[in-house]
Each structure stands twice: as structure tokens, then as C-alpha cells.
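Chain by chain, the residues:
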Amino acid sequence: MLLLGIETSCDETAAAVVKDGREVLSHVLYSQERIHRKYGGVVPELACRQHAAVISEVVATALEKAGLDFRDLSGVAVTQGPGLMGALLVGVSYAKALAYRHGLPLIGVNHLEGHIAAVHLENRTVDLPAAALVVSGGHTNLYSIPVDGPLKLLGQTVDDAAGEAFDKGAKMLGLPYPGGPAIDRMAETGDPTRIAFPRPHLKKDSLDMSFSGLKTALRYYLERSGFPDTRTVHVPDVAAAFQQAIVDVLVEKTLSAAEQCRVKTVFVTGGVAANTALRERLGEVCRTRGLSLRIPSPTYCTDNGAMIAAAGYYRMIRRERSPRLPAGAALTMSPQVAPVMNESWFTGIEP
Ligand code: KG4
Ligand code: ZN
């Protein structure tokens, strides 16, 4: 089954063609980073204008790279939320029009469902049950994924998402947007042990997390130490210590989730899962504990079209469809986000 996946929920215009939910035939991404960088964050109005300007080209290139024509496709999957409303509207409208024009099934996909489905892209088999951490700019959620049956939300951030903490922390340190990759790079030459930032663990047995206190601790530290005077503040050390605090919390809570669910497989996905220190630490602790870690390669951790096609595949094989654009009808998007987190979207995975 060949699915085209389209993603426009934030600042990446992405499209990919994926075979049977696993094999990426093409993957094209137009990043708007350069446009939003001078504003220090995503400007929604600019994001949706830019999506509209490049989406045709991005989709056409994805098909061309895969050596396919629209006629070869089995369906079109598109992110329908959560995300920036105007940005989503561009992808959904485009996908609806494509599906209608070429008589293809349309599958609306939840963005977080897409991030989780990314674990299938480079794995022939994925063992279930599993515990999953979805950690991005908008979410920091822990799920239990059973062999069959609904996903269960085990815990989440009670304030900022981990990616948001990276972005805000980077801004305070004068690093460019997006902050996560900037801190990741800066931390490479830093010593994470020189500054003690708090690890906001909340209650011991709770799987909820909090990152806003850490951001405040960074602000106080910078004020106290005379930032931006680099004679008193060594930015790589601050970046490394700040990053380590986030990594420690994410790793500890993910391990607790695996323990509570008594599972041997751990999924970690979403933009922050591209973080070098997080990947290394997870690799170490999972090896020590005999856990099998499923973490997509960095390209498929951050927003991309392939993860949407992968998630769409599982909906397709369950015969789920979204309404296509009827002739002459207004371009409207269902305000309802796919109720994926309370249904068994993993049903149908082949062993
Ligand atoms: O999943 P994603 O691409 O978009 C959302 O769904 O939010 O995640 C974007 C987030 C941003 O906050 C970005 O700073 C963070 O992921 N991020 C990283 C890294 N790469 C992206 N955070 C830490 N280290 C990275 N290498
Ligand atoms: Zn995302």
C-alpha cells in the first residue's frame, strides 16, 4: 500500500511516500526556520502563507523522488491536528483537493499519532506492549501502548513542554530559534556538572512532569552570574547543565512508565527525541535494564511527512476514511481532532 503523507501543522511543509507504513520511498521537507528565526519563534500568519506557497512543489517533488504518479497511490494521509489552525488548513485543504481530484481515499491523522507511528519507519517489527514518550515543542506525554486496545495516557507535563523549555532556555541564552538543536550543539563542548539546575520530578509515583521551574532557575542563574558577560558565564556549561536537567527528568519518567506498565519496549519520539544527550542516555539505561529502545532516527523525530503516512497506513487497513471534498463545496476542515488517543489504532500491526 502506497501512501502520500502531508504535514503542515507548524513550520515544516513536508510530504513523503511510504510503502506499507514502513518503507520510506521519498521524504521531502521545506523548513521555514530561516523565516521565523528573526522573530525568535513561529509566526502563525507567516507559517500558513509559506505553506501555501510551497506545498504543491513539496508534494510534486515527493512523488517525483519516489518515481510515482498520483495514480499509483493508495491514499493521502494528512495531519489534521493538533497544530496551528491556519497552517493545518493549508495541508488539509490541499490533501482534500488531491484526494478528490484523483479519486483517492483521504485519511486525517492526529499529529501525535504520527510521531508514535514514526517508530515503524525503520523497524520491520515492533514489540508490543510498550511505553511511549512523545516529546515535542507542544507536548510531553507518556503513554502505555497495549498489544490490542486503546492507548492510555499515563502522564504529561503540567506546564511547558520539554521542547518549549529548550526553545525558551535558548532564547534566554541568546541562541537562535529553534532552541533545541542550538542548545544540543552548544552543550557539546560544555560540562553539565558545573551548574546544578533543579530536576522537577513532582510526586515520586506520578508520571506527570514540569519544566517551567527549570526555566525560572535558568533566568535567576543568568541574572546572578552577570550574563551576557562571558567572563562570568560559560554558555556551553549552562547549555549542557540545562539540557541535562531536562534529559534526567525525561529518562527517569520514561523508565518509571516502563516499570509501571511492566513492559520491555520503550518508544521515544517527537522533535526533542532528536537530542543527542537524550538519545545517548536512553541508549545506556535501556541497555542496562534490558529494555528495547525504539527511537526513530533524528530526521523522523522532528516533524515530517513519512510519520503521517505511517500513521495513515494503520487507519487505512482498518478502513477508516475522512470525508473528501465534495464538488463545489466550501473548503472546510473538521474542527474535531481525530480521537486517536482513545482508540486502538495499533490494531492490525503485522507481527
Ligand atoms: O515534533 P516537532 O518537530 O514539532 C512539534 O510537534 O512541536 O518538535 C519541535 C521541538 C522544538 O521545541 C525543538 O526545539 C525541539 O523539538 N528539538 C530539539 C532538538 N531538535 C528539535 N530539542 C532538543 N534537541 C534537539 N536536537
Ligand atoms: Zn511534532
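Residues numbered from 1 in each chain as written. Chains lettered and ligands numbered in written order. Predicted model: local features only at pLDDT ≥ 70, side-chain atom pairs only at ≥ 80, totals over all residues. Heavy atoms only, no water.

Caption draft 1: Main features of the sheet that holds strand 7 (residues 140–145). Sheet architecture is open: five strands sit in the order 8-7-6-9-10, paired in mixed fashion. Either end of the sheet is taken by a strand with one partner, and the two such strands are strand 8 (152–156) and strand 10 (292–294). Along the sheet, successive strands turn relative to each other by an average axial angle of 20°, direction set aside. Of the strand pairs in this sheet, strand 6 (residues 130–135) and strand 7 are connected by six bridges, and their pairing is antiparallel. Directly across from Val135, in strand 7, lies its bridge partner Thr140. (Pairing = 2+ DSSP bridges. Helix = DSSP H or I, 4+ residues; strand = E, 2+ residues; numbered from the N terminus. Axes fitted to C-alpha atoms, helices over the stretch in contact; angles between N-to-C directions.)

Caption draft 2: Just the packing of helix 5 (residues 162–172) against helix 6 (residues 179–187), in detail. The geometry of helix 5 relative to helix 6 is characterised by a closest axis approach of 7 Å and an angle of 65° between their N-to-C directions. Relative to helix 6, helix 5 is oriented roughly perpendicular. For the element pair helix 5 and helix 6, the recorded crossing hand is left-handed. Packed against helix 5, whose contacting residues are Phe166, Asp167, Gly169 and Ala170, the element helix 6 presents Gly179, Gly180 and Ile183 at the interface. Its residues placed into classes, the contact of helix 5 with helix 6 shows three nonpolar, three polar and one charged. (Parallel < 35°, antiparallel > 145°, perpendicular 65-115°, else oblique. Left-handed = near helix turned anticlockwise from the far one by under 90°. Contact = heavy atoms within 4.5 Å. Nonpolar A, V, L, I, M, F, W, Y, C, P; charged D, E, K, R; others polar.)

Caption draft 3: The environment of Gly305, seen in detail. One can find Gly305 in helix 11 (residues 305–317). By relative accessible area, Gly305 is classed as buried at 0%. Considering only alpha carbons, one finds Gly305 and Val17, 288 residues apart in sequence, at a separation of 7.9 Å. Contacts of Gly305, omitting those with residues within four sequence positions, involve Gly5, Glu7, Ala14, Ala15 and Ala16. (Buried < 20%, exposed > 50% of the residue type's maximum accessible area, 1.4 Å probe, protein only.)

Caption draft 4: Main features of the coordination of the zinc ion (ligand 2). His111 (NE2), His115 (NE2) and Asp303 (OD) make up the full set of protein donors to the zinc ion (ligand 2), lying at 2.0 to 2.1 Å. You can call His111 buried: its relative accessible area is 7%. Overall, His115 belongs to the buried group, its relative accessible area being 0%. (Donors = N, O, S within 2.8 Å, 3.2 Å for Na, K, Ca; no water.)

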